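Examination of the molecular architecture
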Amino acid sequence: MCPVPGGIHRWKSCPATAWYPSMGPKVIRRLVDDPLVKQSIQLPPKNVRVVMVEMDPAQKDIYDWWYNNFVEWYMKQLEREEQDADYTLKNAAILGQLWKLRQAATCPHIFTGGDGAPAYNGTQTAKHRALWELVEAIPRSDKAVIFTGYNPNAHLMAETLQT
């Protein structure tokens, strides 16, 4: 229900100043085509580029280590399921293991050598360097939005932009 007195009782119709205090730091995803979003911000047409980048050797070592670790762990889980009728492999456990692979593929700089995994010496991967080449090619008068699915990458980007 919209907390705005006399407002339409749908969150979609409420101004952000009405719903934000009650929602706190939570996030509401809005589509760019939403009329309220179009009123607030004007975005240029989307320009998506797919750039294939090979992992550098140090990153590949980390990824391979986590991949082999996952395969070994998963095989043990399957064996345990066969031997113990009461045991069920949980999807959350599988996703937790796969998350490590995603981290190795996107931001290996978070791996410091704990868990027996190799450490990534350095911060910027081949992917980061390719991104910065694209960013440097953007004219100063233009703006760009870069999305990342993992916070350590956002922090790394912020550090790089400040230098």
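Each remark here, short or long, concerns the structure printed above.
These remarks concern the structure in this document. (Residues numbered from 1 in each chain as written. Predicted model: local features only at pLDDT ≥ 70, side-chain atom pairs only at ≥ 80, totals over all residues. Heavy atoms only, no water.)

With respect to the pattern of salt bridges
A side chain of one charge can pair with a side chain of the opposite charge when the charged atoms of the two come close. Applying the stated criterion to the full structure yields three salt bridges. Measuring nitrogen to oxygen at the nearest pair gives 3.2 Å for the salt bridge that ties D64 to K60. In this pair, D64 and K60 are both assigned in helix α3 (residues 57-83), four residues apart and thus about one turn of the helix distant. (Salt bridge = Lys/Arg side-chain N within 4 Å of Asp/Glu carboxyl O. Helix = DSSP H or I, 4+ residues; strand = E, 2+ residues; numbered from the N terminus.)

Observations concerning helix α4 (residues 91-106)
One turn of an α-helix holds 3.6 residues; hence residues three or four places apart share an orientation. Spanning 16 residues, α4 covers 22 Å between terminal C-alpha atoms, matching the ideal 22 Å at 1.5 Å per step. Along α4, the residues that are buried comprise I94, L101, Q103, A104 and T106. Packed against the buried residues of α4 are α3, α5 (126-136) and α6 (151-162). (Expected span 1.5 Å × (residues − 1). Buried < 20%, exposed > 50% of the residue type's maximum accessible area, 1.4 Å probe, protein only. Contact = heavy atoms within 4.5 Å.)

Here's the deal with the packing of aromatic side chains
Counted by the stated rule, this structure contains four aromatic pairs. Look at W65 and W66: their rings are 4.8 Å apart centre to centre, the planes differ by 85 degrees, and that puts the pair in the edge-to-face class. On the numbers, 6.1 Å between centres and 35 degrees between planes, the contact of F70 with W73 is tilted. Residue F70 and its partner W73 are located together in helix α3, separated by three residues, close to a single helical turn. Judged by relative accessible area, which is 19%, W73 ranks as buried. One aromatic cluster is present, built from ring pairs that chain together W65, W66 and F111. (Phe/Tyr/Trp six-rings, centres within 6.5 Å; stacked < 30°, edge-to-face > 60°.)

No statement about biological role is implied by the geometric values presented.
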